[in-house]
Amino acid sequence: MTYAITQTCCNDATCVAVCPVNCIHPTPQERAFGSTEMLYVDPRSCIDCGACADACPVDAIFPVDGLPEGQREYAAINAAYYADREPGPAGPGPNFHHWDAPSFERSLPSDFGPIRVAVVGTGPAGMYAAEDLLLHTNAEVTLVDRLPVTGGLVRYGVAPDHPSTRKVGDTFARFHTHPRVRMHLGVEIGKDITAAELAAHHDAVIYAVGACADRRIGIPGEELPGSIPAASFVAWYNAHPESAPDAFELSSPRVVVAGNGNVALDVARILVTDPAALAGTDIADHALAALRASKVREVVVLGRRGPEHAAYSTSELLALKRLPGVELVVDDHDPRTGGAIDGAAGGGRAAVLRGVRRERTDLTGEPGPGRRIVLRFHAAPVRVLGDRGVRAVRVSDGRDESEIHAGTLLRAVGYRGLPVAGLPFDEATGTVPHERGRVTGMPGTYVVGWIKRGPSGGIGANRACAAETVGTLLSDAVAGRLTAPRASPREFRRLARSRNRQVIDAKGLAAIERAELARGRAGGRPRVRFGTVPELVAAARGGRPRASG
């Protein structure tokens, strides 16, 4: 028997580190690492020890003969990855590893003293950096976040029907109460505290603020009411405190989603999933109520190119094929689509669409009964039509144009970083200029995650990204290039609380966690989230929010 990695793989390579026989690839040392959708277990060399399954932070690894229903195709997917690959050489010894020449990327002197590092942002990028510092150095870490809770992308970006993916948050949560961690939540750098003030209280500062703005399509009519960034919809159904509960009106029978990435599939799936199934998740209460009353019956997902070039992962597409009560259809308006599917290699994304019904869909009238998702490839949006709101989306296949009648357009064409007050910013890339994580022209200041490399890569990609940044920071520390803080951690705490009376620490965060879990138990759900800042602050203090005047 062998093990197989499944849909929720986060790609952070924790499993690679514990595998005794080197049967999981690509490893972080291999060129393909970071470019494959997931990691794969080689069935020829797996010895059924289960170490990878025990270590996996997102419960993505199962014995092949114990794969859950709906995940059984991952046995073949794992095996197919190795079909044309020769097994690597095995050296002697009980672990059968082929070891490279010894390499020591970091070398800290024995008298390396404790440094104080602030990490701004508590999503995966920031927490991987904090984890690296806490596990491998004697650094003291200050966690800062503008929101009253931690999590970033894990809490507010992962779809609620993917609970296993969110379990990576449990790995990070163990560091929230670490004895060398101080937490200041609800503090915004550039508003409550300046970047210079933060730097004055620390040896170094790592910014892990992500890329929270949406990219524009750049077509006429994009600003019409009803044309909405998919990122805003994701924030809404995840109870982001900056998203109003009544932000979305699901009154249009057909919704168009522009984009072909995982976010596009997430929003399409949530729109047509049976609300009874979502009631067993931690989706926002207001979103669940709106979806129960929703009139949406059809979601059309637009891809500029063919199915072989789609940006979504194979695992997310497979999940659409298994969605109960929802029909998946490939629009057959362009012969290139069918040709790509029929001629696709076995492991390609287009090949996954074999067996999915293909038809020339009429997208100008009312959708038929039932719920369905239509994948329309070779369809680039060129104009949004309407007077007071979206009425239709005009698309082009490169030769002809046609209209899709819909009252809502969700734009899922990517994210973009925003300028960070006090830091340089590259408008063209939406990132902070840096060299291996060191901010250009600002000694002691570093970046990690999407604000460093742009909005690419999932949760696990941040681990290697953080390792590079932390490595650069430690090299600077050893070389004496950091400036010692001019004030104590207690003085920083006083400064933060003097600027914002609603700062939340680790004890307050734990109180929020207990309160949300208790609300979930009362409603037969895993968790019921607080969706506003006053609710979160009140929960942190063990009370109810004050009425606003």
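A word on unusual backbone geometry. Of the consecutive residues His25 and Pro26, the connecting peptide bond is found in the cis state with omega at -5°. Residue placement: Pro26 occurs in the loop between β2 (24–25) and β3 (40–41).

The next subject is the sheet that holds strand β19 (residues 408–411). What the 7 strands build is an open sheet, ordered β10-β19-β11-β12-β15-β13-β14; its pairing is parallel. Strands at the two margins of the open sheet, each flanked by one partner only, are β10 (227–229) and β14 (357–359). With direction set aside, neighbouring strand axes in the sheet form an average angle of 25°.

Next up on the list: helix α18 (residues 489–499). Along α18, the residues that are buried comprise Phe492, Leu495 and Ala496. With its buried residues spanning 95° around the axis, α18 presents them on a single face. Of the surrounding secondary structure, the elements contacted by the buried residues of α18 are β6 (140–145), β7 (181–185) and α8 (195–200).

Right, let's get into the pattern of salt bridges. Here the structure, examined in full by the defined rule, presents 43 salt bridges. A salt bridge links Glu242 to Arg146; the nearest nitrogen and oxygen atoms lie 2.4 Å apart. Here Glu242, found in the loop between α9 (230–237) and β11 (254–258), pairs with Arg146, found in the loop between β6 and α5 (153–156); they are 96 residues apart in sequence, far enough to count as distant. Across the pair Arg372 and Glu298 runs a salt bridge, and its minimum N-O distance is 2.5 Å. With a gap of 74 residues between them, Arg372 in strand β15 (residues 371–376) and Glu298 in strand β12 (residues 298–302) connect regions that are remote in the sequence. Sharing partners across several salt bridges, the network here consists of Arg254, Glu298, Glu327, Arg357, Glu359 and Arg372.

Here we come to the sheet that holds strand β18 (residues 401–405). Ordered in space as β16-β17-β18, the 3 strands form an open sheet in which the pairing is antiparallel. Each edge of the sheet is formed by a strand with only one pairing partner; in this case those strands are β16 (380–385) and β18. The mean angle between the axes of side-by-side strands here comes to 30°, regardless of whether they run parallel or antiparallel.

As a further point, take the nonpolar core. Core analysis: the biggest nonpolar cluster contains 118 residues, and Ile24, Ile206, Tyr237 and Ile373 have the highest contact counts within it. Apart from the residues lying within four places of it in its own chain, the contact partners of Tyr237 are Ala159, Pro160, Asp266, Val267, Ile270, Ile283, Ala284 and Ala287. Residues Ile189, Ile193, Phe492 and Val503 belong to the second largest nonpolar core, which totals 21 residues.

Moving on to the pairing of β15. Counting buried residues along β15, 5 of its 6 residues qualify, which places the element largely inside the surrounding structure. Here β12 pairs with β15 via 5 bridges, running parallel. The residue of β15 that forms the bridge with Leu302 is Arg376. Sheet topology places strand β13 (residues 326–331) next to β15; 5 bridges connect them, and they run parallel. Residue pairing across strands places Leu328 opposite Ile373, the latter belonging to β15.

This part covers the environment of Asp48. Looking at where Asp48 falls in the secondary structure, it is placed in the loop between β3 and α2 (51–55). Given a relative accessible area of 33%, Asp48 falls into the partly exposed group. Asp48 sits 46 residues away from Thr2 along the chain, and the two C-alpha atoms are 5.4 Å apart. Residues within four places of Asp48 in sequence aside, it is in contact with Met1 and Tyr3.

What follows concerns the pairing of β6. Buried residues dominate β6, accounting for 5 of its 6 residues. Across 5 bridges, strand β5 (residues 116–120) lies against β6 in parallel orientation. By the bridge assignment, Val119 is partnered in β6 with Leu143. Assessed by its sense of winding, the connection that carries the chain from β5 through helix α4 (residues 124–136) to β6 is right-handed.

Counted by the stated rule, this structure contains 8 aromatic pairs. Taking 5.4 Å as the distance between ring centres and 25° as the angle between the ring planes, the aromatic pair formed by Phe233 and Trp236 counts as stacked. Linking Phe233 with Trp236, this pair stays in helix α9, spanning 3 residues, or about one helical turn. Each of the two residues, Phe233 as well as Trp236, counts as buried. Between the aromatic rings of Tyr415 and Trp450, the centroid separation amounts to 5.7 Å while the plane-to-plane angle is 40°, which identifies the pairing as tilted. Pair noted here: Tyr415 is in strand β20 (residues 415–416) and Trp450 is in helix α16 (residues 450–453), with a separation of 35 residues, a long-range link. Here the aromatic residues Phe233, Trp236, Tyr237 and Phe248 are joined through ring pairs into a cluster of three or more.

About the thresholds
Residues numbered from 1 in each chain as written. Predicted model: local features only at pLDDT ≥ 70, side-chain atom pairs only at ≥ 80, totals over all residues. Heavy atoms only, no water. Helix = DSSP H or I, 4+ residues; strand = E, 2+ residues; numbered from the N terminus. Pairing = 2+ DSSP bridges. Axes fitted to C-alpha atoms, helices over the stretch in contact; angles between N-to-C directions. Buried < 20%, exposed > 50% of the residue type's maximum accessible area, 1.4 Å probe, protein only. Arc of directions from axis to C-beta. Contact = heavy atoms within 4.5 Å. Salt bridge = Lys/Arg side-chain N within 4 Å of Asp/Glu carboxyl O. Core = buried A, V, L, I, M, F, W, Y, C linked by side-chain atoms within 4.5 Å. Right-handed = clockwise from strand over helix to strand, strands pointing away. Phe/Tyr/Trp six-rings, centres within 6.5 Å; stacked < 30°, edge-to-face > 60°.

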